[in-house]
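Structural overview
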Amino acid sequence: MSDEDASDLLAELRRPRPYPAVSLTLPTHRHRPENQQDHIRLRNLLSDAEKRLTADPKVSKEQAAAVVGNLGEAVEELDPEHFLEGLVLFASVDEARTYLVSSTVPERVVFGETYLTRNLVAASARQIPYLALLLSVGEVRLWHGVGYELTEIDQEESGFPVISSGVDRDGPPNREGGHGEEQDFRNMLTEADRKLTPLLQEAVLPVVVVGLRQHIVTYRELSRHKAVLAADLEVGGLLQATAPELVEQLAPARAALAAIDTEEALKALDAARSGRRYAAGAQDCWQAAREGRVGHLVVEESVRVSARVEEVEGAPRAALVFVDESGEGGESGEGVEDDVVDSLAEMVLDADGDVTFVPDGTLGETGGIAAALRY
């Protein structure tokens, strides 16, 4: 999915809907036997949602039955064998939508007049597009990845795979990683690097270099694209790997790309702090986002803020009245958002800002929320 498609989807999901718009999230597992328990946990969560809908005085019996029916149909279509790290399920009287995400989500059921999209925003932000260059003695292959989606670039105009002209590729490599003329190997790498150029001109993407250590060292020595060589994966024998096999092997590289993304977000905050264009905490970031001043919002992954927006009559400002889960700190119920981080991220995205979710503890004494402001 392109950034534009993702942005359109998130905007559509965030549009107001008649109450109750139900958001259900569940951490899931990719492999047996854990994923076989996920369906049981999902059924239990569904039962909890049904009880809450039935007990909610704002929901009629007909509405409750419609939402429960849509949830049930959506769950029936899910296959635990295809689960990733998280499940996000939205349902209303008229629809149900399910999304499998490659990031952990909390176990929650939330009712409101919009769907809670922060988990999709976070998952989308982690879907860093990249290129994976697979090096071997006699051949170089190129893959395009976005999160857990991986597709080999094998188009006629791309020139990949690049094959050495003078190496017996069926012979075993020696300890140095070569079994033919060294110059043939270097020529092949140079040709692969040259054919990478037009692809990077179309879209500057980080490149993960995969292969034996000596292969990687030689390629880095020859490459004209050192600025985008973001991570190395010292693993051999992957030339004939399938996409599912390769995507599992690339997990450390994706983690390295995510770490780079976090580092860049922190650099943006440092620059904003130096330029006095910095906000920290939910209250200040909320107000800045309301004014369209947030260029880059950074949020720790587990931060959740329940609050009611208190409008000031005759003034453009609005304050957040924070509410804990018990309702203390402000009136619970009417007007309270279960997680204002969701609305905060949406305001930033609507104003063409960036949102980055970072590991817990990254932002120190900020309450887990900080922003680089435009002015």
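Okay, so let's go over this structure. (Residues numbered from 1 in each chain as written. Predicted model: local features only at pLDDT ≥ 70, side-chain atom pairs only at ≥ 80, totals over all residues. Heavy atoms only, no water.)

**A closer look at the overall build of the protein**
Scanning the protein from terminus to terminus reveals 10 helices and 17 strands. Out of the 375 residues belonging to the protein, those deemed buried represent 47%. Pairs at least 24 residues apart make up 68% of the contacts formed inside the protein by residues separated by at least 6 positions. Only carbon and sulfur atoms are counted for the fraction: they give 49% of the accessible area of the protein, which is about 19,000 Å². (Helix = DSSP H or I, 4+ residues; strand = E, 2+ residues; numbered from the N terminus. Buried < 20%, exposed > 50% of the residue type's maximum accessible area, 1.4 Å probe, protein only. Contact = heavy atoms within 4.5 Å. Areas by Shrake-Rupley, 256 points an atom, 1.4 Å probe, with all protein chains shown as cover.)

**What about the pairing of strand 17 (residues 369–373)?**
Of all the five residues making up strand 17, five are buried; the element is thus mostly covered by neighbouring parts of the structure. With burial as the criterion, each face of strand 17 is covered, one bearing I369, A371 and L373 and the other bearing A370 and A372. Of the strand pairs in this sheet, strand 11 (residues 278–280) and strand 17 are connected by three bridges, and their pairing is antiparallel. Bridging across to strand 17, A280 finds its partner in A370. Of the pairings in the sheet, the one linking strand 12 (residues 294–300) to strand 17 comprises five bridges and is antiparallel in character. By the bridge assignment, L297 is partnered in strand 17 with A371. (Pairing = 2+ DSSP bridges.)

**A closer look at the pairing of strand 6 (residues 139–146)**
Here strand 6 lies mainly inside the structure; six of its eight residues are buried. When strand 5 (residues 129–135) meets strand 6, the two strands line up antiparallel, connected through seven bridges. Its bridge partner lying in strand 6, P129 is registered against V146. Between strand 5 and strand 6, which follow one another and run antiparallel, lie three residues.

**Considering unusual backbone geometry**
The omega torsion of the bond from Y19 to P20 falls at 5°, within 30 degrees of zero and hence cis. Position of P20 among the secondary structure elements: in the loop between helix 1 (3–13) and strand 1 (21–27). For the bond running from F160 to P161, omega is 0°, close enough to zero to count as cis. In this structure, P161 sits in the loop between strand 7 (149–152) and strand 8 (162–163). Not every positive phi belongs to a glycine, and R276 is a case in point at roughly 55°. Within the secondary structure layout, R276 lies in the loop between helix 8 (251–274) and strand 11. Its identity is not glycine, yet D352 carries a phi of approximately 65°, on the positive side. Inspection of the secondary structure puts D352 in the loop between helix 10 (340–350) and strand 16 (354–358).

**Focus on the packing of helix 5 (residues 182–202) against helix 6 (residues 213–222)**
In helix packing, the relevant descriptors are the interaxial angle and the interaxial distance, both defined with respect to the helix axes. Across the interface, helix 5 lies against helix 6 with an axial gap of 10 Å and an inter-helix angle of 55°. With respect to their mutual orientation, helix 5 and helix 6 come out oblique. For helix 5 against helix 6, the interelement crossing comes out right-handed. Along its contact with helix 5, which presents F185, R186, L189, T190, D193 and L196, the element helix 6 presents H215, T218, Y219, E221 and L222. Taken together, the residues of the contact of helix 5 with helix 6 break down into five nonpolar, three polar and three charged. (Axes fitted to C-alpha atoms, helices over the stretch in contact; angles between N-to-C directions. Parallel < 35°, antiparallel > 145°, perpendicular 65-115°, else oblique. Left-handed = near helix turned anticlockwise from the far one by under 90°. Nonpolar A, V, L, I, M, F, W, Y, C, P; charged D, E, K, R; others polar.)

**Focus: the packing of aromatic side chains**
Considering all chains together, one arrives at two aromatic pairs under this definition. Plain terms: the ring middles of F90 and Y115 are 4.6 Å apart, the flat faces sit at 15° to each other, and that makes the pair stacked. Residue F90 is located in strand 2 (residues 86–91), and its partner Y115 is located in the loop between strand 4 (108–112) and helix 4 (118–126); the two are separated by 25 residues in the primary sequence. Here R254 stacks its cationic end above the ring of Y148, 4.3 Å away from the centre of that ring. One cation-aromatic arrangement involves R293 over Y375; the distance from NZ or CZ to the ring centre is 5.7 Å. (Phe/Tyr/Trp six-rings, centres within 6.5 Å; stacked < 30°, edge-to-face > 60°. Lys NZ or Arg CZ within 6 Å of the ring centre and 35° of its normal.)

**Focus on the sheet that holds strand 3 (residues 96–101)**
Taken together, the four strands give an open sheet; going across it, the order is 3-2-1-4, and neighbouring strands pair in antiparallel fashion. Of all strands in the sheet, those with a lone pairing partner are strand 3 and strand 4, marking the two edges. Between one strand axis and the next, the sheet turns through 15° on average, direction left out of account. With five bridges joining them, strand 1 and strand 4 adopt antiparallel strand pairing. Bridging across to strand 4, A21 finds its partner in G112. Contacting strand 1, strand 2 and strand 4, helix 2 (residues 34–55) crosses the sheet at an angle of about 155° to strand 1.

**Thoughts on the environment of V323**
Relative to the helices and strands, V323 is located in the loop between strand 14 (318–322) and strand 15 (336–337). For V323, a relative accessible area of 7% gives the class buried.

**Overview of the side chain of E300**
Looking at where E300 falls in the secondary structure, it is placed in strand 12. Despite its burial, E300 pairs with no opposite charge; the closest candidate is R118, at 9.1 Å N-O. One polar contact links the side chain of E300 to the main-chain amide nitrogen of T362, over a distance of 3.2 Å. Among all residues touching E300, those that are not within four sequence positions of it are R118, F357, V358, P359, D360, G361, T362, L363, G364 and G368. (Lys, Arg positive; Asp, Glu negative; His and termini not counted. Salt bridge = Lys/Arg side-chain N within 4 Å of Asp/Glu carboxyl O. Polar contact = N/O pair within 3.5 Å; in protein donor to acceptor, adjacent residues only side chain to side chain.)

**Brief notes about helix 8**
When the terminal C-alpha atoms of helix 8 are compared, their 35 Å separation across 24 residues agrees well with the 34 Å that a helix rising 1.5 Å per residue should span. Every buried residue of helix 8 is listed here: A253, R254, L257, T262, A265, L269 and A272. Phi turns positive, to about 55°, at R276, one or two residues after helix 8. (Expected span 1.5 Å × (residues − 1).)

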